[in-house]
Amino acid sequence: MEMLAAADALRRVSLELGFSACGVADAAAAQGDTLRDWLASGAHAGMGWMESHLEARLNPELLLPGVKRVVMLSYEYSREDARREQGRIARYAQGQDYHRLLAPKLADLDELLQVFGGVQRGFADSGPVSERFFAQQAGLGWLGRHGLLVRPKLGSYCVLACLLTTLELPLDAPMPNRCGSCHSCEQSCPTAALADGLCDARRCLSYWTIEAKEAMPADVQAVAGDRLFGCDICQEACPWNGAVAPTLDARMLMPDTLASMPLAEFSSMSEADFERYFAGSALRRAGLDRLRERARQIEE
Ligand code: SF4
Ligand code: SF4
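Residues numbered from 1 in each chain as written. Chains lettered and ligands numbered in written order. Predicted model: local features only at pLDDT ≥ 70, side-chain atom pairs only at ≥ 80, totals over all residues. Heavy atoms only, no water.

Visitor: I'm lost on the site of ligand 2 in this one. Help?
Guide: Surveying the vicinity of ligand 2 reveals the residues Gly144, Arg145, His146, Val150, Cys179, Cys182, Ser184, Cys185, Cys238, Pro239 and Trp240. Assessed atom by atom at 2 Å from the grid points, ligand 2 resides in the largest cavity. A per-class count over the shell around ligand 2 returns seven nonpolar, three polar and one charged. (Near = heavy atom within 4 Å. 1 Å grid on protein atoms, 1.4 Å probe; cavity = no way out; pocket = protein on both sides within 12 Å on 5 of 7 lines; lining within 4 Å. Sits in = over half its atoms within 2 Å of the grid points. Nonpolar A, V, L, I, M, F, W, Y, C, P; charged D, E, K, R; others polar.)

Written out as structure tokens, the structure is:
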């Protein structure tokens, strides 16, 4: 009974905090060989941290001894693509950095579960947790052919956070895949990065504009258009996106200063301006050098 009460309180408070969904997965759920095979193929490109923390990704016990459940939470970002005149930015990164926005909310949920005797550890895409896998296990949605979580009503435009807990909360049922015969995301990708439900980062514009340390290959650059940071093309192609427009945290929206910032300001940006403009922005992930270089490529 006490765990039912804990789960009820968790769902109620998570919605009050602005999360769009909350589900509970078994921390011991078997993840299969997909991630290992993906890494073995080299499709993670230069993201060595994916490989170095593989065991923790596959076994949450290494992150929180005694863990029983993974509480998965989704947080919406805008369906609208706020357009800058030149230099597109992926929707999830148009507003404030979600890692920072979600951390205090996870701390609140941690406190809540402590009352029930739980020990928790929270991550908002900030640690080696297979968040998409556990989100599917927790019934939030399924993994689409672009590798992202798709929800029946809300589509894929969300970020994920999780709370590992030692409490044996009641489990939610995993969500079956509903992609059916659709292959729109794969067909829409300009670099053919998607196959068999997996994304090959060596071809993906998101990787090349955000994570890569090396120079973008010429053939990828040729189809990158004015993508300054990230790429939403495969999500835009998904028929599950667009039906419902949820209430959004205004901090996830693009501020006027960024919307009106000329591309030339990126290509010549100083360290001081980078700090001033992007202290609380997900754009920091790319780093100033990459943003400057990418802006110059777009200008050429
Ligand atoms: S983010 Fe862009 S480049 Fe990457 S898989 Fe999706 S459509 Fe292709
Ligand atoms: S575009 Fe089609 S295949 Fe891709 S995630 Fe959406 S429903 Fe699935």
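Visitor: Got a minute to help me understand the domain arrangement of the protein in this structure?
Guide: The figure often quoted for interface size is the accessible area lost as the parts come together. Taken domain by domain, the protein consists of domain 1 (2-78 + 97-165) and domain 2 (184-299). Once you take the C-alpha centre of each, domain 1 and domain 2 turn out to be 23 Å apart. Facing the 33 residues of domain 1 at the interface are 29 residues of domain 2. A combined buried area of about 2600 Å² lies between domain 1 and domain 2, and 63% of that area is made up of carbon and sulfur atoms. Taken as a group, Arg145, His146 and Tyr157 account for 21% of the area that domain 1 buries against domain 2, more than any other trio of residues on that side. Counting across the interface, domain 1 meets domain 2 through zero salt bridges. One can count eleven residue pairs in polar contact (both at pLDDT 80 or more) joining domain 1 with domain 2. Per-element tally for the side of domain 1 that touches domain 2: the top contributor is helix α5 (residues 98-114), with four residues. (Domains from an automatic or database assignment. Contact = heavy atoms within 4.5 Å. Buried area = accessible area lost by both parts, 1.4 Å probe. Salt bridge = Lys/Arg side-chain N within 4 Å of Asp/Glu carboxyl O. Polar contact = N/O pair within 3.5 Å; in protein donor to acceptor, adjacent residues only side chain to side chain. Helix = DSSP H or I, 4+ residues; strand = E, 2+ residues; numbered from the N terminus.)

Visitor: I keep staring at the pairing of strand β7 (residues 158-165) and nothing clicks. Help me out?
Guide: A regular strand places its side chains so that they alternate between the two faces of the sheet. Counting buried residues along β7, eight of its eight residues qualify, which places the element largely inside the surrounding structure. Side chains Cys158, Leu160, Cys162 and Leu164 project from β7 onto one buried face, and the interleaved Val159, Ala161, Leu163 and Thr165 project onto a second face that is buried too. Examined bridge by bridge, strand β2 (residues 69-76) and β7 share eight bridges and lie antiparallel to one another. Looking across to β7, one finds that arginine 69 is bridged to threonine 165. Where strand β4 (residues 120-123) and β7 come together, four bridges link them in antiparallel fashion. Across the sheet, residue glycine 122 finds its bridge partner in β7, namely leucine 163. (Buried < 20%, exposed > 50% of the residue type's maximum accessible area, 1.4 Å probe, protein only. Pairing = 2+ DSSP bridges.)

Visitor: Would you mind showing me how to read empty space enclosed by the protein here?
Guide: If a probe as big as a water molecule is rolled over the atoms, it shows which places are left empty. A complete count under the given rule lists two cavities of 30 Å³ or more for this structure. The volume enclosed by the largest cavity comes to roughly 90 Å³. Along its surface, the largest cavity is lined by 13 residues, and Arg145, Cys179, Cys182, Cys185 and Cys238 are the ones closest to its centre. Residues of the lining of the largest cavity, tallied by class, amount to eight nonpolar, four polar and one charged. Taken domain by domain, the makeup of the lining of the largest cavity includes at least three residues from each of domain 1 (2-78 + 97-165) and domain 2 (184-299). Its boundaries defined by the atoms lining it, the second largest cavity holds a volume of some 70 Å³. Lining the second largest cavity are Asp81, Arg88, Ile89, Ala90, Arg91, Arg227, Phe229, Gly230, Cys231, Asp232, Ile233 and Glu236. Breaking the lining of the second largest cavity down by element, the ones donating at least two residues are β3 (88-89), β10 (227-229) and α10 (233-236). The residue makeup of the lining of the second largest cavity, split by class, is five nonpolar, one polar and six charged. (Points joined across faces, edges and corners; volume = space filled by probe spheres on them.)

Visitor: Explain the environment of proline 255 to me, please; I cannot follow it from the model alone.
Guide: Residue position: proline 255 is located in the loop between α10 and α11 (256-259). On the basis of relative accessibility, which here comes to 38%, the residue proline 255 falls in the partly exposed class. Note: C-alpha distance between proline 255 and glutamine 96 (159 residues apart in sequence) is 8.8 Å.

Visitor: Looking at this structure, how should I read the nonpolar core?
Guide: Nonpolar side chains in soluble globular proteins generally cluster together in the buried interior. Counting residues in hydrophobic clusters, the biggest one holds 30 residues, and the most contacted among them are Leu10, Phe19, Val71, Leu73, Leu102, Leu109 and Leu169. When contributions to this core are tallied by element, the ones reaching two or more residues are α1 (2-16), β1 (21-26), β2, α5 and β7. Take this core: its biggest share by element is seven residues, from α5. Core analysis: the next-biggest nonpolar cluster, separate from the first, contains 23 residues, Met50, Cys189, Leu205 and Val220 among them. (Core = buried A, V, L, I, M, F, W, Y, C linked by side-chain atoms within 4.5 Å.)

Visitor: Explain the environment of methionine 3 here, please?
Guide: Structurally, methionine 3 is set in helix α1. Sequence separation of methionine 3 and arginine 276 is 273 residues, and the distance between their C-alpha atoms is 46 Å. Methionine 3 has contacts with Phe116, Leu167, Glu168, Leu169 and Pro170, leaving out every residue within four places of it along the chain.

Visitor: Any chance you could explain the sheet that holds β7 here in plain terms?
Guide: Hydrogen bonding along the main chain pairs the strands of a sheet, whether they run parallel or antiparallel. Strands sit in the order β1-β2-β7-β4 across an open sheet of four strands; the sheet is antiparallel. In this open sheet, the two strands that pair with only one neighbour each are β1 and β4. Between one strand axis and the next, the sheet turns by 20° as a mean value, whatever way the strands run. Against the sheet, α1 contacts β1 and β2, and its axis sits at roughly 140° relative to β1. Along the sheet, α5 makes contact with β2, β4 and β7, crossing β7 at roughly 30°. (Axes fitted to C-alpha atoms, helices over the stretch in contact; angles between N-to-C directions.)

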